[in-house]
Amino acid sequence: MPKNTQLKTILIIGSGPIVIGQACEFDYAGAQSLKSLREEGIETILINSNPATIMTDPTMADHVYLLPLTTKSLITILKNHPNIDAVLPTMGGQTALNLCIEADEKGIWKDFGVKLIGVDIDAINITEDREKFKQLMGRIGIPVAPAKTVTSYLQGKEVAQEFGFPLVIRASFTLGGSGASFVHRAEDFNELLTMGLEASPIHEVLIDKALLGWKEYELELLRDKNDNVVIICSIENMDPMGIHTGDSITVAPAMTLSDTAYQRMRDMAIKMMRSIGDFSGGCNVQFAVSPDDKEDIIAVEINPRTSRSSALASKATGYPIAKIASKLAIGFTLDELENQITKTTSALFEPTLDYVIVKIPRWNFDKFEGSDRTLGLQMKSVGEVMGIGRSFQEALHKATQSLEIKRNGLGADGKGETKYDQIIEKLTFASWDRVFVIYDAVQAGIPLSRIHEITKIDMWFLKQYEELYALEVEISKYDIKTLPKDLMLEAKQKGFADRQIAYMLKCLESEVYNRRDELNINRIFKLVDTCAAEFKAETPYYYSTFEAEIETADGKRYVANESKVTDKKKIVVLGSGPNRIGQGIEFDYSCVHGVLAASECGYETIMINCNPETVSTDFDVADKLYFEPVFWEHIYDIIRHENPVGVIVQLGGQTALKLAEKLDRYGIRIMGTSFKSLDLAEDRGSFSKLLEANNIPFPEFGVAETADEALAVAEKLDFPILVRPSYVLGGQGMKIVINKNELEAHVIDLLRSIPNNKLLLDHYLDGAIEAEADAICDGENVYIIGIMEHIEPCGIHSGDSNALLPPFNLGNLVMQQIIDHTNKIAIALNTVGLINIQFAIKDDKVYIIEANPRASRTVPFIAKAYGEPYVNYATKVMLGENKVTDFKFNPQLKGYAIKQPVFSFDKFHKVNKQLGPEMKSTGESILFIDSLRDDAFYDLYSRRKMYLSK
């Protein structure tokens, strides 16, 4: 039992909808925390408004409240559960901490006798109020950058005059660096100061001297009630100070820090954690280090909660920070807890890594037309990937291969920047693709000293790039037949993909793969053991690498593979890779449920994913986790090694779906809907023919592969025309055009960014109502799990629309057409598993916009609204274990559930905020209403008219 036996019921505050700066790393932390507390027999109550996450699954907590994160909601819960003993606010990011402070100020915790655990209010206030933090650091002798807090425009001008430029403006109590900026010139100061003051809820900013060019580090700490402190992980930002850590390429463990400086940093971090309050839990501390031999250390900030980096540190080390922090919060000490990796030693240990981790953020600037694409103090990335390798170079390559931006790694793919001026500009004004441009700069012959001078990136990292390019030059001297084995092995050990080696050797990827096979240079798998093999690791958590053969005394040659293959029947679930707009955490929800359902059917489950923020990459979800790029070469090697019964591609969004063709070509069984059917639904032309054959109406259309063809199609269709590419995600490239000039310009633009694409041109049904249906089909029987009506008209992407479940004003005639069309299409496509169909309704006639035979963004929302485990059922259908008719469906919903999109436009000033066919929202929340008379519905419905005045 926990040491504090008085804690029997605990309230956990979630982080709400996903926004830039606070993503699904807090879903992971919250899910771990709930598991951890329930293991100790504690009753858990959760408040969170995000329907897309695993955290809000009814199985995760004893009571899940899908309510807005407000003090009003807290009071409702506390009245319903007078037995709540404590609140744990450290798992829900800044949103949870801010709500906790507000509730404290209003006296809510005191009124209901609720104790705060895992942190204390003083610690939150000290760390969030930059002036208090600076004063405390002064008292305990920890250096900070010269800074002053200001609450007015006039005070700000005085400080700027005193410090001189460059300066940093940081807004208090904000998230993901909102309101923060660099000021290089006096003429920009007024605008940026005003922006910072407005972004802060308390109208306060800290102005400090810019530590430009200093190196940035983070430490993740845990402390128990006996004041034992462990440092879980050191993380080094490859980018120097000046780029938000969420937008920085980060490396673990720290690479360029001397041991003496690390020990000093360690002592400072422990001193800082002990000084901010007497609490047990997790903490993240950020430091700046001078880029000279002195290695002066300055404290930047401390966060007394799980952070974005603690999810990364947990996956990097295999040490589940949120899980252990939750147990510490209820009174356990580190030496009493079990080490989750070895299962035999205690949690009072500091992980030692015998591998390297590289995290690279994933951006979505294409969704924010007119946005400033340079990186700075305000976080702009929407997700991240992590690569694990035996060296920095291998991990860096694996991370770049995980990004899904049509690159095969660093260089060697013909897509690099070659213009000198462009390279210098991208290095000078930190661009999102700088990780690639550094390689291009080396290739262009720009000296490392010049690259260092511009970027201030440590020379050690730049030399790693130089080595990679030198290897590319060496390999390019050979062809596939003459390439020596040692060079091939070196290229693979440094992370080069077969596609890149094929580019160097001017041959096919398959030829490189076959040659590797002949030379016995095969991918092997290593355990993430975090104790550098000092103790035996029990966790089935693997990454791949390449090793030279070992020769035994009797002449046998082999490589050591730590992933032992069982003789059980296996299923591989392909994950959805990095979060981005159009493909977010809802697919992680589906993957986790798919894994659990396959496990219930007696399969050994294997998860492949590279996203460190998610629950699917937790080492205790699947029987085996391969933390690898969702990239063909890696997947194929895992499948060859494991020999599964089949692969599930329906749950990992477009990422997994795009691999279906190759799986099919290589004879690997796809569970559920076949590749042929998936492809038919994606190919807009073929799909329309299927609709025609089944007598199902759809808007008039034509298919074009050139601008000329598009103009010819436009002759037959009336404007406005909706232009849609095939095989894209989140409405990428979709646009409504109203004349020939617009059409031509957009088609040329599209074909430049997505070559050889089939474009579908539809007559756009102006002013039509949009609806969508999700269903489960076993090839013969169909069950519609939910029909939703959008409040916004047709033409606004479904992910950006407010949608009601069930529909609020579709008559019986329309509803029957939706039901009939859904049944017909699901059967005609031979769907086995999930399908989502979108409709446009005009003059009581239902037209089909598109069908996706896979898990959709709305499935988790419908599952939460009706309280039914639909993904579990659908997976069992895909596996052939059950028919749709085997399940007793019993949806429960009083009134209506509204899916409300959430946007992150505040991160992009001067951006076009208009909504259209291309998705722009970063997350969603769920709102339950009893009737259509609810004020929230009136408010949403009245705004609908904004879009109808075209």
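Residues numbered from 1 in each chain as written. Predicted model: local features only at pLDDT ≥ 70, side-chain atom pairs only at ≥ 80, totals over all residues. Heavy atoms only, no water.

A separate point is the overall build of the chain. Within the chain, the regular secondary structure consists of 31 helices and 35 strands. Here the chain has a C-alpha radius of gyration of 28 Å; the compact-globule value for 950 residues is 30 Å, and the two agree. Taking the principal axes of its C-alpha atoms as reference, the chain extends roughly 75 × 75 × 60 Å. A burial count over the chain gives 65% of its 950 residues as buried. Put simply, of all contacts in the chain between residues at least 6 apart along the chain, 70% involve residues at least 24 apart. Surface exposure of the chain reaches about 34,400 Å², of which carbon and sulfur atoms provide 49%. Of the side chains in the chain, 102 bear a positive and 132 a negative charge, and the two mean positions are spaced by 1 Å. (Helix = DSSP H or I, 4+ residues; strand = E, 2+ residues; numbered from the N terminus. Rg over C-alpha atoms; globule rule 2.2 N^0.38 Å. Buried < 20%, exposed > 50% of the residue type's maximum accessible area, 1.4 Å probe, protein only. Contact = heavy atoms within 4.5 Å. Areas by Shrake-Rupley, 256 points an atom, 1.4 Å probe, with all protein chains shown as cover. Lys, Arg positive; Asp, Glu negative; His and termini not counted. Charge placed at Lys NZ, Arg CZ, Asp CG, Glu CD.)

Every other side chain in a regular strand lies on the same face of the sheet, so the side chains alternate between the two faces. Among the 7 residues of strand S16 (residues 383–389), 7 are classified as buried, and the element is accordingly described as predominantly covered. The pairing of strand S15 (residues 356–362) with S16 spans 7 bridges and is classified as antiparallel. Within S16, the residue paired with Pro361 across the bridge is Glu384. (Pairing = 2+ DSSP bridges.)

Before going further, it helps to examine helix H8 (residues 186–199). Taking 1.5 Å per residue, 14 residues should reach 20 Å; H8 reaches 21 Å between its end C-alpha atoms and fits that length. Within H8 the residues assigned to the buried category are Phe189, Leu192, Leu193, Met195, Gly196 and Leu197. Residues of H8 that are buried in the fold lie against strand S6 (147–150), helix H7 (153–163), strand S7 (167–171), strand S8 (181–183) and strand S9 (205–209). (Expected span 1.5 Å × (residues − 1).)

The next thing to look at is the sheet that holds strand S10 (residues 215–223). Across the sheet, 7 strands lie side by side as S14-S13-S10-S11-S12-S15-S16; this open sheet has antiparallel pairing. Strand pairing shows two members of the sheet lacking a second neighbour, strand S14 (297–303) and S16, which therefore form its edges. Neighbour-to-neighbour, the strand axes of the sheet open up by a mean angle of 25°, direction not taken into account. Note that strand S13 (residues 281–289) and S14 share 6 bridges and pair antiparallel. From the neighbouring strand, Ala288 faces S14, where its bridge partner is Ile298. (Axes fitted to C-alpha atoms, helices over the stretch in contact; angles between N-to-C directions.)

Right, let's talk about unusual backbone geometry for a bit. Here the amide bond leading from Phe719 into Pro720 is cis, since omega sits at 0°, within 30 degrees of zero. Position of Pro720 relative to the elements: it lies in the loop between helix H26 (707–716) and strand S26 (721–725). The amide bond that connects Leu805 to the next residue, Pro806, takes the cis arrangement and shows omega of -15°. For Pro806, the location among the structural elements is in the loop between strand S31 (803–805) and helix H28 (812–828). For Glu295, which is not a glycine, the phi torsion comes out positive at approximately 50°.

The next thing to look at is the packing of helix H13 (residues 420–428) against helix H14 (residues 434–443). Where H13 meets H14, the closest approach of the two axes is 10 Å, and the angle between their N-to-C directions is 135°. One finds that H13 runs oblique with respect to H14. Handedness of the crossing formed by H13 with H14: left-handed. Counted together, Ile423, Lys426 and Leu427 of H13 and Arg434, Val437, Ile438, Asp440 and Ala441 of H14 form the full contact between these two elements. Here the residues of the contact of H13 with H14 sort into 5 nonpolar, no polar and 3 charged. (Parallel < 35°, antiparallel > 145°, perpendicular 65-115°, else oblique. Left-handed = near helix turned anticlockwise from the far one by under 90°. Nonpolar A, V, L, I, M, F, W, Y, C, P; charged D, E, K, R; others polar.)

On to the packing of aromatic side chains, then. A full pass over the atoms with the stated rule returns 24 aromatic pairs. Relative to Tyr941, the ring of Phe937 has its centre 5.6 Å away and its plane inclined at 20°; by these criteria the two rings are stacked. Of the two residues, Phe937 and Tyr941 are both situated in helix H31 (residues 935–943); the distance of 4 residues between them amounts to about one turn of the helix. Using a relative accessible area of 27% as the deciding quantity, one classes Tyr941 as partly exposed. By the ring-pair criterion, three or more aromatic residues cluster together here, those being Tyr783, Tyr870, Tyr873, Phe887 and Phe889. The ring centre of Tyr28 lies 3.9 Å from the NZ or CZ of Lys315, which sits over that ring. Over the face of the ring belonging to Tyr603 we find Lys569, whose NZ or CZ atom lies 4.3 Å from the ring centre. (Phe/Tyr/Trp six-rings, centres within 6.5 Å; stacked < 30°, edge-to-face > 60°. Lys NZ or Arg CZ within 6 Å of the ring centre and 35° of its normal.)

Structurally, Gln401 can be placed in helix H12 (residues 392–402). Using a relative accessible area of 3% as the deciding quantity, one classes Gln401 as buried. A polar contact of 3.0 Å, which involves the side chain of Gln401, links it to the backbone oxygen of Gly495. Ignoring sequence-local partners within four residues, the contact set of Gln401 consists of Asn408, Gly409, Gly495, Phe496, Ala497, Gln500, Pro629, Phe631 and His634. (Polar contact = N/O pair within 3.5 Å; in protein donor to acceptor, adjacent residues only side chain to side chain.)

So, about a negative patch on the surface. Negative charge collects at one region of the surface, where Glu705, Asp708, Glu709 and Glu744 lie side by side. The topology assignment puts Glu705 in the loop between strand S25 (701–704) and H26. Its relative accessible area of 43% is what places Glu705 among the partly exposed residues. (Patch = residues over 30% accessible without salt bridge, like charges linked within 9 Å, V, L, I, M, F, W, Y side chains within 5 Å. Salt bridge = Lys/Arg side-chain N within 4 Å of Asp/Glu carboxyl O.)

The next subject is H12. Each turn of an α-helix holds 3.6 residues, which means side chains three or four residues apart point in the same direction. The element H12 is largely enclosed, with a buried count of 11 among its 11 residues. Among all positions in H12, only Phe392, Gln393, Glu394, Ala395, Leu396, His397, Lys398, Ala399, Thr400, Gln401 and Ser402 are buried. Remark: Glu404 follows H12 within two positions and exhibits a positive phi of approximately 60°.

Inspection of the secondary structure assignment puts Val87 in strand S4 (residues 86–88). Note on Val87: relative accessible area 0%, which makes it buried. For the pair Val87 and Val114, spaced 27 residues apart in sequence, the C-alpha separation works out to 6.7 Å.

Attention now goes to the nonpolar core. Tyr319, Leu574, Val649 and Ile776 are the most contacted members of the largest nonpolar core, which has 173 residues in total. Broken down by element, the residue count for this core peaks at 7 residues, all from H14. In this structure, Leu99, Phe133, Ile276 and Phe287 belong to the second largest nonpolar core, which totals 54 residues. (Core = buried A, V, L, I, M, F, W, Y, C linked by side-chain atoms within 4.5 Å.)

A separate point is the pattern of salt bridges. Considering all chains together, one arrives at 47 salt bridges under this definition. Here Glu474 makes a salt bridge to Lys477, at a shortest N to O gap of 3.0 Å. The exposure class assigned to Glu474 is partly exposed, which follows from its relative accessible area of 28%. For Lys477, a relative accessible area of 60% puts it in the exposed group. Where Arg724 meets Glu850, a salt bridge forms, and the shortest distance between an N and an O atom there is 3.8 Å.

With respect to topology, 7 strands assemble into an open sheet ordered S33-S32-S29-S30-S31-S34-S35, the strand pairing being antiparallel. This sheet does not close on itself; its edge strands, each paired only once, are strand S33 (845–852) and strand S35 (923–929). Within this sheet the neighbouring strands show an average axis-to-axis angle of 25°, counted without direction. Across 7 bridges, the pairing between strand S32 (residues 832–842) and S33 is antiparallel. Its bridge partner lying in S33, Phe839 is registered against Ile848.

For Ser449, the position within the fold is in helix H15 (residues 448–455). Sequence separation of Ser449 and Leu462 is 13 residues, and the distance between their C-alpha atoms is 9.2 Å.

Let us look at the environment of Pro484. Structurally, Pro484 is set in the loop between helix H16 (459–475) and helix H17 (485–493). Residue Pro484 is classed as partly exposed on the basis of its relative accessible area of 26%.

The next point concerns the side chain of Gln22. Along the chain, Gln22 falls in the loop between strand S1 (9–13) and helix H1 (25–39). By relative accessible area, which is 1% here, Gln22 ends up buried. Of note is the side chain of Gln22, whose polar atom sits 2.9 Å from the backbone oxygen of Ser15.

Our next topic: the pairing of strand S17 (residues 524–527). Side chains Ile524 and Lys526 of S17 all project onto a buried face; the interleaved residues Phe525 and Leu527 project onto the opposite face, where all are buried too. Where S17 meets strand S18 (residues 541–545), 4 bridges bridge the pair, whose relative direction is antiparallel. By the bridge assignment for S18, Leu527 is matched with Tyr542.

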